[in-house]
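Spelled out from the first residue to the last, the chains are:
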Amino acid sequence: MCSVCGCHNEQSRLISIEQDILSKNNRYATINRDYLNERNIFCLNLVSSPGSGKTTLLCETIKALGHETPITVIEGDQQTSFDAERIRKTGVKAVQINTGKGCHLDGQMVGRAIDELKPESHSILFIENVGNLICPAAFDLGEAKKVVILSVTEGTDKPLKYPDMFHAADLMILNKTDLLPYVDFDIELCFQYALQVNPDIQILTLSATRGDGMKSWLNWIEQHRE
Ligand SMILES: Nc1nc2c(ncn2[C@@H]2O[C@H](COP(=O)(O)OP(=O)(O)OP(=O)(O)O)[C@@H](O)[C@H]2O)c(=O)[nH]1
Ligand SMILES: [Zn+2]
Ligand SMILES: [Zn+2]
């Protein structure tokens, strides 16, 4: 169970606990954002349900950007360092945060990871949030942009079923498009749903394993770094 859900608590107490947690989080997020902005570090927070392809996309992005751009990564998971190890194999520095029973990263955890990583000025910092399409939507980490990754195996209806996440995101990446011939997924309708909950959301399609759409994603990063 997560600290925001707090289902043991009665409603009014729950709301005040929630407000406390979020305002404390926002203070940490502001410190992170100021630190990153002062150093011109472009920070992206990748959010999705488990297994949509965040780590795969990150590894491919790091390889594609080569060593022209300094990159560091903060990896969030309940348990294991599997993802940080996958990232380190590409040659960049990664810090793993294990949240234990927690279901999202928060501003304080990210602040500690930034202290440890010490990303250089003019670099890119990727944060891979815990696989969870609900709670990470509520927690600002101090990032410049939130990127939600949905894969075609998860179903057309997800933007409507989990609107908070799609509402909070700046960009939606529809991943695993190589699997479209094998699954019942309606791209047009999914985009319509995403725009219904967030008319400002930008949308890209991608296959992280096959490479289709990578160029548009890399262009999006370049455009938004400036
Ligand atoms: N077919 C296909 N498989 C993909 C694609 N991207 C990722 N996968 C596969 O999907 C599975 C999960 O990918 P990960 O990158 O571990 O997903 P994740 O979002 O990092 O997962 P968590 O960290 O557990 O939330 C792996 O088996 C990947 O190889 C894709 O574009 N197409
Ligand atoms: Zn939760
Ligand atoms: Zn991952």
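The following paragraphs examine the structure supplied in this document.

Parameters and conventions
- What you see as residue numbers is a count from 1 along each chain, following the sequence as written.
- Both sets of labels track the order of writing: A upward for chains, 1 upward for ligands.
- In keeping with the predicted nature of the model, local features appear solely for residues at pLDDT of at least 70, side-chain atom pairs appear and are counted solely at 80 or more, and the whole-chain, interface and lining totals rest on all residues.
- Side-chain measures were taken over the full set of non-hydrogen atoms in the model, leaving aside hydrogen atoms and water.
- Distances decide who is a donor: an N, O or S atom must be within 2.8 Å of the metal, or within 3.2 Å for Na, K and Ca. Water is not included, so sites may look incomplete.
- Per the convention used, a helix needs a DSSP run of H or I reaching at least four residues, while a strand needs a run of E reaching at least two, with both numbered from the N terminus.
- Using a 1.4 Å probe on the protein chains alone, a residue whose accessible area is under 20% of its type maximum counts as buried, one over 50% counts as exposed, and one in between counts as partly exposed.
- A pair is scored as a salt bridge if a Lys or Arg side-chain nitrogen falls within 4 Å of a carboxyl oxygen belonging to Asp or Glu.
- The criterion for a residue being near a molecule or strand is simple. One of its heavy atoms has to lie within 4 Å of it.
- Definition of a polar contact: a pair of N or O atoms within 3.5 Å, with one able to donate and the other able to accept a hydrogen when the atoms are protein atoms, and with sequence-neighbouring residues admitted only if both atoms are side-chain atoms.
- Accessible surface area values rest on a Shrake-Rupley calculation with a 1.4 Å probe, where residue burial reflects the displayed protein chains alone.
- Polarity classes work like this: nonpolar for Ala, Val, Leu, Ile, Met, Phe, Trp, Tyr, Cys and Pro, charged for Asp, Glu, Lys and Arg, and polar for all others, with Gly in that last group.

Some remarks on the coordination of the zinc ion (ligand 3)
So, point 1. At the metal site, the zinc ion (ligand 3) is ligated by T55 (OG1), D83 (OD) and E128 (OE), and these contacts range over 2.0 to 2.1 Å.
So, point 2. Of note, the zinc ion (ligand 3) draws all its donor residues from one chain, in the sequence arrangement T-x27-D-x44-E. Placement of the pair is D83 in helix α3 (residues 82-88) and E128 in strand β4 (residues 124-128), with a sequence separation of 45 residues. The same class applies to D83 and to E128, which are both buried.

Overview of the pattern of salt bridges
So, point 1. Taken as a whole and judged by the stated rule, the model has nine salt bridges.
So, point 2. The residue K54 makes a salt bridge to E128 at a minimum N-O spacing of 4.0 Å. Linking K54 in helix α2 (residues 54-65) with E128 in strand β4, this pair joins segments that are 74 residues apart in sequence. Of the two residues examined, K54 and E128, each falls in the buried class.
So, point 3. Its salt-bridge partner being K158, residue D157 comes within 2.8 Å of it at the nearest N-O pair.
So, point 4. In this structure K158 comes out as buried when scored by relative accessible area, which is 15%.

Thoughts on unusual backbone geometry
So, point 1. Even without glycine at this site, N40 takes up a positive phi of about 55 degrees.
So, point 2. Within the fold, N40 resides in the loop between α1 (11-38) and β1 (42-47).
So, point 3. Of note, T80 is a non-glycine position whose phi angle comes to about 75 degrees, a positive value.
So, point 4. Within the secondary structure layout, T80 lies in the loop between β2 (71-77) and α3.

A short note on the site of ligand 1
So, point 1. By nearness alone, 19 residues border ligand 1, and K54, T55, T56, D178 and A208 come closest of all.
So, point 2. In this structure, G51 approaches ligand 1 through a main-chain N or O atom, which is 3.0 Å from an oxygen atom.
So, point 3. For ligand 1, an oxygen atom lies 3.3 Å from a polar atom in the backbone of S52.
So, point 4. Relative to its unbound accessible surface of 650 Å², ligand 1 loses 72% to contact with the protein.
So, point 5. Secondary structure elements with two or more residues in the shell around ligand 1: α2 and α3.
So, point 6. Class assignment of the residues belonging to the shell around ligand 1 gives a composition of three nonpolar, nine polar and seven charged.

Worth remembering: the numbers are spatial, not functional.
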